[in-house]
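Chain by chain, the residues run as shown.
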Amino acid sequence: MTAPRHPFRVLLAHDHLLPRIRELADRIWRDLGPEPPVLVAVVEGARVFARHLRDCLPASLPVHEIRASSYGRGTSSGGDVRVVPIDDLPVAGRDVLLIEDIVDTGRTVAALLAHLDRAGAKSCRIATLLTKPSRRVVDVPLHYTGFEIPDEFVIGFGMDYAGRYRELPDVVIYEPALEQAAWDA
Ligand code: IMP
C-alpha cells in the first residue's frame, strides 16, 4: 500500500513511533497491579495510538472510548472541555489507563480525570503519545509519555485538523500555507 501524499514536514515517522509505543506497553505491563486496568481511549484522536498500545500488551483487553472536545476547527485550545462517555465505562472501583493522543494545555486530561473520579475509578494513570510541555496551563500527571514535541500543531497517526489527515501514518506538522499551495498546484 502506498502512503498517502501530503505537503507537510514529518515530525515523527511511523517507524519511529512503533518501537516507542512498544516500550510504553512494556512499562505499563510491568507497573500493573493484580488486576488489568480498564483501557479508555480519548477519541477520535487517540484511537490509533490506543490500538497499537493494546496490541503490544500481552493480554487481550477491550479499549473503551470517551470523547472530549475543546477544539472546533481551529488549532488553538478553547477553555471549556465537554466530556461525553461513549459507552458505559466500567470504571467504578477499577484502575484506569486513560489513553490520549496529545496533551497540550492539559485542560482535557484534567476534565477527564475529574469525570473518571466522579465515576468512581479507583485510580487513573495516563498514557499519552505526545506532550507539548511549553503549552501547559493545567498541571496534569503523565505516567507514560511517548514524545515531547515543540509548540506545533500536528496531524496524522489518528490526529486531525478539522476532521482531515487522521489517516497519515506519520505525525506531521500542519501548516496551512503548505496545504493551500498543494491545493493550488
Ligand atoms: P488540551 O486540552 O489543550 O491539552 O488539548 C488536548 C486535546 O486537543 C487533544 O486531545 C487533541 O484532541 C487536541 N490537540 C491539542 N494539540 C493538538 C495538535 O497539535 N494536533 C491535533 N490535536 C491537538
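Above this text sits the structure in question.
Residues numbered from 1 in each chain as written. Predicted model: local features only at pLDDT ≥ 70, side-chain atom pairs only at ≥ 80, totals over all residues. Heavy atoms only, no water.

A tally of regular secondary structure across the chain gives four helices and nine strands. Listing each helix as α and each strand as β along the chain from the N terminus yields β-α-β-α-β-β-β-α-β-β-β-β-α. What you see for the chain is a C-alpha radius of gyration of 16 Å, in line with the 16 Å of a compact globule of 185 residues. With the C-alpha coordinates aligned to their principal axes, the bounding extent of the chain is approximately 55 × 35 × 30 Å. Within the chain, residue pairs in contact and separated by at least 24 positions form 67% of the contacts whose partners lie at least 6 positions apart. Total accessible area on the chain is roughly 9500 Å²; 49% of this is exposed by carbon and sulfur atoms. Positive and negative side-chain charges in the chain, numbering 22 and 26 respectively, have mean positions lying 1 Å apart. (Helix = DSSP H or I, 4+ residues; strand = E, 2+ residues; numbered from the N terminus. Rg over C-alpha atoms; globule rule 2.2 N^0.38 Å. Contact = heavy atoms within 4.5 Å. Areas by Shrake-Rupley, 256 points an atom, 1.4 Å probe, with all protein chains shown as cover. Lys, Arg positive; Asp, Glu negative; His and termini not counted. Charge placed at Lys NZ, Arg CZ, Asp CG, Glu CD.)

Turning our eyes to something else, we now look at helix 3 (residues 107–118). For helix 3, built from 12 residues, the straight-helix expectation of 16 Å at 1.5 Å per residue is met to within 8% by its first-to-last C-alpha distance of 17 Å. Buried residues in helix 3 make contact with strand 2 (38–43), strand 3 (63–69), strand 4 (82–85), strand 5 (95–103) and strand 6 (123–131). (Expected span 1.5 Å × (residues − 1).)

So, about the packing of aromatic side chains. Applying the stated criterion to the full structure yields six aromatic pairs. With a centroid separation of 4.2 Å and an interplanar angle of 20°, the aromatic rings of Y161 and Y174 are classed as stacked. A residue pair is termed long-range when its members are at least 10 positions apart, and Y161 in the loop between strand 8 (154–155) and strand 9 (171–173) and Y174 in the loop between strand 9 and helix 4 (176–184) qualify at 13 residues. Considered together, Y161 and Y174 belong to a single accessibility category, that of buried residues. (Phe/Tyr/Trp six-rings, centres within 6.5 Å; stacked < 30°, edge-to-face > 60°. Buried < 20%, exposed > 50% of the residue type's maximum accessible area, 1.4 Å probe, protein only.)

All right, on to the pattern of salt bridges then. Within the structure shown, the criterion is met by 12 salt bridges. Here D95 and K122 are joined by a salt bridge, their closest N and O atoms 4.0 Å apart. Of this pair, D95 sits in strand 5 while K122 sits in the loop between helix 3 and strand 6, placing them 27 residues apart in sequence. Since its relative accessible area comes to 56%, K122 is described here as exposed. Two residues, R135 and D151, come together in a salt bridge whose shortest N-O distance is 3.9 Å. Remark: D151 occurs in the loop between strand 7 (144–148) and strand 8 and R135 occurs in the loop between strand 6 and strand 7; sequence separation between them is 16 residues. Residue class for R135 comes out partly exposed when judged on its relative accessible area of 24%. (Salt bridge = Lys/Arg side-chain N within 4 Å of Asp/Glu carboxyl O.)

With that settled, the discussion passes to unusual backbone geometry. Omega for the peptide link from V43 to E44 comes to 5°, which places this bond in the cis form. Looking at the element boundaries, E44 is found in the loop between strand 2 and helix 2 (47–56). Positioned with a positive phi, A162 is a non-glycine residue whose angle comes to about 50°. On the secondary structure map, A162 appears in the loop between strand 8 and strand 9. A positive phi is found at Y165, a non-glycine position, where the angle reads about 80°. Residue position: Y165 is located in the loop between strand 8 and strand 9.

This part takes up the sheet that holds strand 3. Sheet strands associate in pairs through backbone hydrogen bonding, adopting either a parallel or an antiparallel arrangement. Spatially, the six strands line up as an open sheet ordered 4-3-2-5-6-7, and their pairing is mixed. Looking at which strands have only one partner, the edges of the open sheet turn out to be strand 4 and strand 7. Taking the axes of each pair of neighbouring strands and ignoring which way they run, one obtains an average angle of 25° across the sheet. Where strand 2 lies against strand 5, four bridges are found, and the strand directions are parallel. Bridge pairing in strand 5 links L39 to L97. Strands strand 5, strand 6 and strand 7 of the sheet are contacted by helix 1 (residues 14–30), whose axis makes an angle of about 155° with strand 7. (Pairing = 2+ DSSP bridges. Axes fitted to C-alpha atoms, helices over the stretch in contact; angles between N-to-C directions.)

Mapped onto the fold, H64 is located in strand 3. What H64 contacts, discounting residues up to four positions off in sequence, is V38, L39, V40, A41, D87, L89 and P90.

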